There are 2 protein chains.
Amino acid sequence: MPSEIHIIGIGGLPEVKAGDNLGDLIIKAAADQKTLIQSGDVLVVTQKVVSKAEGRIVDLSEVEPSPLAIQIASEHQRDPRHTEVVLRESKRIVRMDRGVIIAETRHGFRCANAGVDASNVEGQETVALLPLDPDASAKAIMTRVQEILGAEIGVIISDTFGRPWREGAANVAIGVAGLNPLLDYRGQVDPFGYPLRTTTIAVADELASAAELVMGKLDQVPVALIKGYPYPRGDTGIGALIRPAERDLFR
Amino acid sequence: MPSEIHIIGIGGLPEVKAGDNLGDLIIKAAADQKTLIQSGDVLVVTQKVVSKAEGRIVDLSEVEPSPLAIQIASEHQRDPRHTEVVLRESKRIVRMDRGVIIAETRHGFRCANAGVDASNVEGQETVALLPLDPDASAKAIMTRVQEILGAEIGVIISDTFGRPWREGAANVAIGVAGLNPLLDYRGQVDPFGYPLRTTTIAVADELASAAELVMGKLDQVPVALIKGYPYPRGDTGIGALIRPAERDLFR
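Throughout this document, residue positions are counted from 1 along each chain, in the order its sequence is written. Numbering of ligands from 1 and lettering of chains from A proceed in the order in which they are written. Selection of residues for local features in this predicted model requires a pLDDT of at least 70, selection of side-chain atom pairs for listing and counting requires 80 or more, and totals for whole chains, interfaces and linings are taken over all residues.

## Thoughts on the overall build of chain A
- Tallying secondary structure elements over chain A gives six helices and 12 strands in all.
- It is over C-alpha atoms that the radius of gyration is taken, and the globule rule equals 2.2 Å times the number of residues to the power 0.38. Against the 2.2 N^0.38 benchmark of 18 Å for 251 residues, chain A shows a C-alpha radius of gyration of 19 Å, consistent with a compact globule.
- With the C-alpha coordinates of chain A rotated into their principal frame, the extents come out at 60 × 50 × 25 Å.
- Sorting the 251 residues of chain A into buried and exposed places 48% on the buried side.
- Placing C-beta atoms from the backbone, we regard two residues as in contact once those atoms come within 7 Å. The long-range fraction of contacts in chain A, counting pairs at least 24 apart against all pairs at least 6 apart in sequence, stands at 61%. Under the scheme used here, helices are H or I runs from DSSP no shorter than 4 residues and strands are E runs no shorter than 2 residues, and both carry numbers assigned from the N terminus. A residue is called partly exposed when the number of other C-beta atoms within 10 Å of its own lies between 12 and 20, exposed at 12 or fewer, and buried at 20 or more, with C-beta atoms placed from the backbone.

## Here we look at the environment of L179(A)
All names here are of chain A.
- Relative to the elements of secondary structure, L179 occurs in the loop between β9 (170–177) and β10 (183–184).
- Each C-alpha atom, one on L179 and one on G237, is 8.0 Å from the other, the two residues being 58 residues apart in sequence.
- If near-sequence neighbours (up to four positions away) are discounted, L179 is found in contact with V42, G154, A204, Y231, P232, R233 and G234.

## Digging into the sheet that holds strand β5 (residues 100–105) of chain A
Residues and elements named next belong to chain A.
- In this scheme, strands are said to pair when DSSP sees at least two bridges between them. Ordered by their spatial adjacency, three strands build an open sheet running β4-β5-β6, and the pairing between neighbours is antiparallel. In this open sheet, the two edge strands, each paired with only one partner strand, are β4 (90–97) and β6 (110–112). Direction aside, the axes of adjacent strands within the sheet are offset by 30° on average.
- By the bridge criterion, three bridges tie β5 to β6 in an arrangement that is antiparallel. Within β6, the position partnered with I102 by the bridge is A112. Axis geometry follows a simple rule: fit a line to the C-alpha atoms, using only the stretch in contact for helices, then measure angles between N-to-C directions, giving values from 0 to 180 degrees.

## Some points on the domain arrangement of chain A
Residue and element names in this part refer to chain A.
- You can read the domains of chain A as domain 1 (6–56 + 131–244) and domain 2 (58–127).
- Counting residues at the interface gives seven residues for domain 1 and eight residues for domain 2.
- Here the residues of the side of domain 1 that touches domain 2 are counted per class, giving four nonpolar, one polar and two charged. A domain assignment, automatic or from a database, supplies the domain bounds used here. All amino acids are sorted into three groups, where Ala, Val, Leu, Ile, Met, Phe, Trp, Tyr, Cys and Pro are nonpolar, Asp, Glu, Lys and Arg are charged, and the leftover types, Gly among them, are polar.

## Points about the nonpolar core
- Take the buried Ala, Val, Leu, Ile, Met, Phe, Trp, Tyr and Cys residues, join any whose C-beta atoms are within 7 Å, and the set you get is a nonpolar core. L207(A) and L207(B) are the most contacted members of the largest nonpolar core, which has 146 residues in total.
- Beyond its immediate sequence surroundings of up to four residues, L207(B) is in contact with L213(A), V42(B), V44(B), I156(B), I226(B) and Y229(B).

## Some details on helix α4 (residues 80–89) of chain B
- Within the span of α4(B), buried status applies to R81(B), T83(B), E84(B), V85(B) and V86(B).
- Against the buried residues of α4(B) lie β3 (57–59), α3 (67–76), β4 (90–97), β5 (100–105) and β7 (126–128) of chain B.

## As for helix α1 (residues 22–32) of chain B
- For α1(B), every residue scored as buried is listed here: L22(B), G23(B), L25(B), I26(B), I27(B) and A30(B).
- Buried-residue contacts for α1(B) involve β1 (4–10), β2 (42–46), α2 (47–53), α5 (134–149) and β12 (223–227) of chain B.

## Quick look at unusual backbone geometry
- Even without glycine at this site, Q77(A) takes up a positive phi of about 50°.
- Examined against the element boundaries, Q77(A) turns out to sit in the loop between α3 (67–76) and α4 (80–89).
- The backbone of W165(B) sits at a positive phi, close to 75°, despite the residue not being glycine.
- Summarising the element assignment, W165(B) is placed in the loop between β8 (154–161) and β9 (170–177).
- Taking the C-beta count within 10 Å as the criterion, W165(B) has 22 such neighbours and is therefore assigned buried.

What follows is the structure, given as structure tokens:
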């Protein structure tokens, strides 16, 4: 019997504000469009609405850029206040070249501008930061769905990251709850008895990528519900997806 | 109205052999499980069956390792014949460290072992190479589906690649036909009139990742059909997804 997965976009959320209970907003939006959230589903929520709900928005007019930020910005035609926020969000600069800053965030993510996002935030003078603890953000939504609907689900917080070597960005997971981000095939053999070479699959990233296909960038669909995928249950958190320095050839 | 995507695994293909018409095998397998292939669908096919159908299988007992391959293999507990094949498939070595070879293939892909795959090939003494021209592989399947079923579809050849910075591998596209791998948002603005920062999304990679969720590694499901995704039509080929050297900070 073929396995089949359904991915449903959930739109119609109101403009999210600091202090909103995102779980409640998602539950209401799903109900309004008659989408059932059921045990075994995976809910993928974009970072942008999480950051708004958690007040992770910075008004650039209140940012005083440091001399370093001013210097970087002037050399690369960047906004010095935006650059300042990026530096504050960075634990380590991975690359700074050709106007691009690839930084490691405090969570350990390596991404452009330390995840500081200038788009889709009210007005031109604000930027959105990544959630402080995206696993906790995911868990709060998971818990709320359990409380209100009685459904045991997995939750992924997603963001759109560029990648080395390949053009175009793709959605990845930056926070998880209820599901492990890696599916481990170690010790298993293929149909010919040969040990499987690729031992772990980053299923949280694949689920985040799949969800992006119904979200789009302009459609005001910040949430997707994935049905039919038997995700690995667990609570390792997103840390399991972050490659430790000693195994990273591209520091 | 929420957008909705369905992903259906297609299994039940016979063991694929060199010279097989893969399009015919997929059409029959889909029909056997009563999955309709319709215009607007995207068919994702794993590299392994494409390589088998195209005879891209190397018997390791016929490989004479070079002195370099022997040296690398002895230092890193690798099979010297496998290492030799990897070197032959490489246009450039990106990194060689800790027993890992990250190579650039002739197509321009940067991946472990130049895409040479020791798993899921009949017997322990063979390896599978990437298709010579994965876009052509995709086009042949697309054309066959058009001829037999009259359906105009997009086709993606997928492979499982590791990534810098993140643990776990994920499916990406290595060949496309009928669809452009990148969705371009340049010139578009968000709901607040702010220009979108992330201008292109690698939708072919996201579709490949989504397809992996129904394929698994052990389930003998080498094909997935994606319904409901309005993919960007076009024929830019997979080259559009490969970052040129001058834009690549991680050479």
